[in-house]
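Here are the chains, one letter per residue:
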Amino acid sequence: MTKPAETDSPPATAALAARGIALDLLREVLRKSVPLDDALEAHPGLAGLEPRDRAFVRMLVATVLRRLGQIDALIEQSLSKPGLPKAAVQDVLRLGVAQLLFLGTPAHAAVDTSVELVAERQGAPYKGLVNAVLRRVNAEGPALATAQDAGRLNTPDWLWLSWRQAYGTARARGIVDAHLREAPLDLTAKGDPATWAAALEARLLPTGTLRREAGGAVTELPGFAEGAWWVQDMAAALPATLFGDLEGRLAYDLCAAPGGKTAQLAARGARVVALDRSAKRLERVGQNLARLGLEATRITADAAGWTPEEPADAVLLDAPCTATGAIRRHPDVQRLKSPDDVAKLARAQSRLLAHAVDLTAPGGTLVYCTCSIQPEEGEAQIERLLAKDDRVERRPIDAAELGGLAELVNERGEVRSLPGMLRELGGIDGFFIARLGRKS
Ligand SMILES: C[S@@+](CC[C@H](N)C(=O)[O-])C[C@H]1O[C@@H](n2cnc3c(N)ncnc32)[C@H](O)[C@@H]1O
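This is a predicted model, so every value here is computed, not measured. (Residues numbered from 1 in each chain as written. Predicted model: local features only at pLDDT ≥ 70, side-chain atom pairs only at ≥ 80, totals over all residues. Heavy atoms only, no water.)

### Quick look at the pairing of strand β5 (residues 250–253)
In step 1: Burial of β5 is two-sided: the residues L250 and Y252 facing one way and the residues A251 and D253 facing the other way are all buried.
In step 2: Pairing of β5 with strand β6 (residues 271–276), which is carried by four bridges, proceeds in the parallel orientation. Pairing of L250 across the sheet is with R271, part of β6.
In step 3: A crossover links β5 with its parallel partner β6, the connecting element being helix α12 (residues 260–267), and its sense is right-handed.
In step 4: Examined bridge by bridge, β5 and strand β8 (residues 312–318) share three bridges and lie parallel to one another. Residue pairing for β8: D253 is matched across the bridge by L316. (Buried < 20%, exposed > 50% of the residue type's maximum accessible area, 1.4 Å probe, protein only. Helix = DSSP H or I, 4+ residues; strand = E, 2+ residues; numbered from the N terminus. Pairing = 2+ DSSP bridges. Right-handed = clockwise from strand over helix to strand, strands pointing away.)

### Concerning the site of the ligand
In step 1: Around the ligand lies a shell of 19 residues, among which K261, D276, R281, A303 and D318 are the nearest.
In step 2: One of the backbone N or O atoms of P258 is found 3.4 Å from an oxygen atom in the ligand.
In step 3: One of the backbone N or O atoms of A303 is found 2.9 Å from a nitrogen atom in the ligand.
In step 4: Contact with the protein chains removes 86% of the 600 Å² of surface that the ligand exposes when unbound.
In step 5: Of the residues in the shell around the ligand, the class split is ten nonpolar, three polar and six charged. (Near = heavy atom within 4 Å. Polar contact = N/O pair within 3.5 Å; in protein donor to acceptor, adjacent residues only side chain to side chain. Areas by Shrake-Rupley, 256 points an atom, 1.4 Å probe, with all protein chains shown as cover. Nonpolar A, V, L, I, M, F, W, Y, C, P; charged D, E, K, R; others polar.)

### Focus: the nonpolar core
In step 1: Core analysis: the biggest nonpolar cluster contains 53 residues, and W163, L265, L408, L422 and I433 have the highest contact counts within it.
In step 2: Secondary structure elements with two or more residues in this core: α9 (157–167), α10 (169–178), α12, β6, α13 (279–292), β8, β9 (360–370) and β12 (431–438).
In step 3: Membership of the second largest hydrophobic core comes to 46 residues, among which are L36, V57, V61 and V92. (Core = buried A, V, L, I, M, F, W, Y, C linked by side-chain atoms within 4.5 Å.)

### Observations concerning the pattern of salt bridges
In step 1: In the structure shown here, the tally under the stated rule is 27 salt bridges.
In step 2: Of the charged contacts in the structure, one is a salt bridge between E120 and R121, with a shortest N-O distance of 3.7 Å.
In step 3: Accessibility expressed as a relative area gives 32% for R121, which makes it partly exposed.
In step 4: A network of salt bridges, in which partner residues are shared, links D186, R211, D233, R328, R329 and D429. (Salt bridge = Lys/Arg side-chain N within 4 Å of Asp/Glu carboxyl O.)

### Some details on the sheet that holds strand β2 (residues 203–204)
In step 1: Across the sheet, which stays open at both edges, the four strands sit in the order β2-β3-β1-β4 with antiparallel pairing between neighbours. The open sheet has two edge strands, β2 and β4 (229–231), and neither has a second partner.
In step 2: Taken together, the two bridges between β2 and strand β3 (residues 210–212) define a ladder with antiparallel strand orientation. Looking at β3, one finds that L204 is bridged to L210.

Take a look at the structure:
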């Protein structure tokens, strides 16, 4: 893992400002349920930081969210009196522990900035508590952390139980352990992947994705400015490759923003109609396509009720989901989602999938996918559809279409990737993909 240039010895004010922003962001996520990316985008102070401090802020908050169970247990063990301090003080402690134990921040910097921060936000009386707890964590925390069951402690019970039930204990453990590691940076090339793998000093994965270590500014990598590639996890890059020859064919991308799969379909020569119900997110599709020199017709609409003039040969439904497969990249997901979200989104997916069949031409192909590892949002959707709609049939996916990665394909010919898989390659996001054919 490449660490963002941690504040070696930045001006004290910049170091404190960065921690203050991290504290604000943590509150937004944990107390107001705002997704971390949205909170980062909305924070007025972030733009004023140096790029490396911005990267540090994101890494710091993401680390607290990734390791929250471990961090809270260590704080409890290090308090001299039982009972947690009030929320804002607890958040300062969480940031301090993350720096001390997981980010390699020098102890004096982590402790001093935390003490200053709590004084600034909550008043001088809390300085002693923060100082004492963090000094104790610094002394005793490394040994205590080694003895923790990190993956399990950081995972909310409902998620752990759902994964154990769906995949068994060994695979569930693989998932939660994979969440401890930061995901690599995955890119999809518009042109020849081998050429860009060389230019980017990236590993070329069997499926064609280019993989680099995470860290550093993406915009400064070769090929960004000329739109030669875009950021996309290797699992997310699979669905759009499953349509066969797309040259000149009409393709509907029903939930398109921010447009990674739209770009793939367009790069493969399809005439793409990219739909999303969010006009704002669809604007992002336009910007991304413009950078890549690709084109698609963009339409703001609810895909569950959209009625175009003609059905399409290729229909991609990358449905809204809980995103529990992407926790490596978005550790806030496990703090924000609940079983109610799974049920609510599963109902929306059902509606969207039923209508996606109407939008697929006889003989055409429908690919359904989600970046969730909850079976209700994947396997169960397809089973239910096939039981009630005899216009569609399975078109099983073969491992040969996935660079030979047989581990990703289940016995029904669906892709079911889990974050614990392909560890030797650097891991993969959790994804579900099914390919269906509309009967002629
Ligand atoms: C998983 S994201 C899609 C990611 C995208 N396919 C990509 O590869 O970049 C889901 C998208 O579905 C959109 N969405 C949710 N409900 C929708 C609906 N009923 N109709 C159309 N779009 C919807 C959301 O606004 C969101 O942009």
